[in-house]
Amino acid sequence: MIHRQIDVALGDRSYPIYFGKGFGSSFAPTCQQHGIPERIVILTDSNVAHHYLDPIEKNLRHFKFSVSSIVIPPGEHQKSLSRANQIYTQLLKEGVGRKSAIVALGGGVVGDLAGFVAATYQRGVTLVQVPTTLLAQVDSSVGGKVAVNHPLGKNMIGSFFQPRFVWIDADTLSTLPAREVVCGLGEVAKYGVVFDAEFFAYLETNLERIQQLDPELMLTVQARCCELKAHVVSEDEREQGLRIVLNYGHTVGHALEAAGSYRVLKHGEAVLLGMAAESFIARELGLLPPGDHERIMKLVQRFPLRFGKNSFAPARVLAALTRDKKSIDGKARFVLPVRLGEVQVVDEVGSPVVRASLRQLADVFGTK
Ligand SMILES: NC(=O)c1ccc[n+]([C@@H]2O[C@H](COP(=O)([O-])OP(=O)(O)OC[C@H]3O[C@@H](n4cnc5c(N)ncnc54)[C@H](O)[C@@H]3O)[C@@H](O)[C@H]2O)c1
Ligand SMILES: [Zn+2]
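Residues numbered from 1 in each chain as written. Chains lettered and ligands numbered in written order. Predicted model: local features only at pLDDT ≥ 70, side-chain atom pairs only at ≥ 80, totals over all residues. Heavy atoms only, no water.

Bringing the coordination of the zinc ion (ligand 2) into the picture now. Only E187 (OE), H250 (NE2) and H267 (NE2) from the protein reach the zinc ion (ligand 2) as donors, at distances of 2.0 to 2.1 Å. If you list the donors of the zinc ion (ligand 2) from N- to C-terminus, the spacing comes out as E-x62-H-x16-H. With E187 in helix α6 (residues 178-195) and H267 in helix α10 (residues 267-284), the pair connects residues that are 80 residues apart, well separated along the chain. For E187, a relative accessible area of 1% translates into the label buried. (Donors = N, O, S within 2.8 Å, 3.2 Å for Na, K, Ca; no water. Helix = DSSP H or I, 4+ residues; strand = E, 2+ residues; numbered from the N terminus. Buried < 20%, exposed > 50% of the residue type's maximum accessible area, 1.4 Å probe, protein only.)

This is the structure in structure tokens:
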């Protein structure tokens, strides 16, 4: 049963996000309702395939869809042009034509890669997102940003390509490793600081139950995040303005990920640390009241985030900051909180305050 629906309003490209639990049996009928072509290719990774591929294939076949699947290994490095090319080859060999659909069954890696392939294969085929990580359910599956990585930078090759619908089954979270739950909650907390002080307070009150994936609370959390993301995307699909605010925590976060060569921190963990650092910067610049800074720090500290004190040489982090694709003329752009629920874009942040924020991260979260 579908428990809830949120719409992303984008004119004739509008689409629904469906929320439920154990509602696998309604997937194929929903595909029919949306006029999804009969020929479907499911793209997934081996971890997700192990749990969820069989039932979704069976459900689709039962409703007379012609289904094949491509299972890739898990991991960020799969988001590459060479992997995309292998997938194109397989699609061509199987004779998959323009009137077909790709179902992205997995986390953000599968979603971004499958979306990129769907956007480009034969100039575009139908895309359905079935996100299975918390991060993908509250963030990456909604909004149509699709991409692969380039050796010189993450998400450097990509496009905007919206799915026909998004299918969020909270039951898939039951098999998600705890570290991935933390990553998803990084993006969740971000929505609170950026848009919604009440939601932030809800997280403060309920964080432990949410970390344990209490089903009642999860639906509230997923739906609120998707509502906020849907609003941003419908206002600013191509990130010309408003959508940039979703980068709170990401300027320092991306730099930390890069400085650790993408091995030390996962994306969501880096975002949490980035949120801590950027709220420190905001406080130092006199933008954020100390009390709000403290609440953000306290929330971030409730997550299991630890790294070696010397994992991130400040020089490497600062160099990564100026390489960020959102930087302008080598100057990093910061989205800084001015109070819980409101942020401001700031282009001029001096490196001494950034260095100080990195020292504070090492003091608070660094081990040894
Ligand atoms: N397009 C966007 O707007 C957007 C936004 C944020 C992040 N992203 C991208 O998302 C990616 C990160 O996504 P992610 O955090 O979902 O990582 P991921 O896709 O690598 O998934 C994390 C791990 O969990 C496993 N997994 C997935 N679902 C599972 C389940 N239900 N049970 C057990 N294991 C499961 C995967 O196999 C993988 O090992 C990054 O590449 C990032 O750039 C994109
Ligand atoms: Zn993110």
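With that settled, the discussion passes to the layout of surface pockets. The computed volume of the second largest pocket comes to approximately 240 Å³. Taken together, 15 residues form the lining of the second largest pocket, with R13, F161, Q162, P163 and R164 sitting closest to its centre. Residue composition of the lining of the second largest pocket, by class: six nonpolar, four polar and five charged. (1 Å grid on protein atoms, 1.4 Å probe; cavity = no way out; pocket = protein on both sides within 12 Å on 5 of 7 lines; lining within 4 Å. Points joined across faces, edges and corners; volume = space filled by probe spheres on them. Nonpolar A, V, L, I, M, F, W, Y, C, P; charged D, E, K, R; others polar.)

Between α10 and helix α13 (residues 351-365), the least distance of the axes is 9 Å, while the angle of their chain directions is 130°. Accordingly, the angle class assigned to the pair α10 and α13 is oblique. Handedness of the crossing formed by α10 with α13: right-handed. Judged by residue contacts, L273, A276, A277, F280, I281 and E284 of α10 engage V353, V354, A356, S357, Q360, L361 and F365 from α13. For the contact of α10 with α13, the residue count by class is ten nonpolar, two polar and one charged. (Axes fitted to C-alpha atoms, helices over the stretch in contact; angles between N-to-C directions. Parallel < 35°, antiparallel > 145°, perpendicular 65-115°, else oblique. Left-handed = near helix turned anticlockwise from the far one by under 90°. Contact = heavy atoms within 4.5 Å.)

Here we take up the pairing of strand β9 (residues 165-169). When a strand is regular, its side chains alternate between the sheet's two faces. Most of β9 is tucked away, with five of its five residues classed as buried. Burial along β9 is two-sided: the residues F165, W167 and D169 and V166 and I168 are all buried. Bridging between strand β2 (residues 15-20) and β9 involves four bridges; their strand directions are parallel. Residue pairing in the sheet places F19 in a bridge with I168 of β9. Pairing of strand β6 (residues 126-131) with β9 involves two bridges; the strand directions are parallel. Looking at β9, one finds that Q129 is bridged to V166. (Pairing = 2+ DSSP bridges.)

Following the sequence through the fold, N149 ends up in strand β7 (residues 145-150). Judged by its relative accessible area of 14%, N149 is buried. In terms of polar contacts, N149 uses its side chain to reach the backbone amide nitrogen of N155, at 2.8 Å. Dropping the residues within four chain positions of it, N149 is found in contact with E76, K79, S80, L81, K154, N155 and M156. (Polar contact = N/O pair within 3.5 Å; in protein donor to acceptor, adjacent residues only side chain to side chain.)

Glancing now at the domain arrangement of the protein. Taken domain by domain, the protein comprises domain 1 (2-175) and domain 2 (178-212 + 248-367). The straight-line distance from the C-alpha centre of domain 1 to that of domain 2 is 29 Å. Residue-level contacts link eight residues of domain 1 with 13 residues of domain 2. It is L134, L135 and K154 in domain 1 that bury the most area against domain 2; as a group they hold 50% of the surface buried on that side. Our count for the domain 1 to domain 2 interface comes out at two salt bridges. The shortest N-O distance in the salt bridge between E257 and K154 comes to 3.7 Å. Applying the counting criterion to the domain 1 and domain 2 interface returns one residue pair in polar contact (both at pLDDT 80 or more). Among the secondary structure elements, those contributing two or more residues to the side of domain 1 that touches domain 2 are α5 (134-140) and β8 (153-160). (Domains from an automatic or database assignment. Buried area = accessible area lost by both parts, 1.4 Å probe. Salt bridge = Lys/Arg side-chain N within 4 Å of Asp/Glu carboxyl O.)

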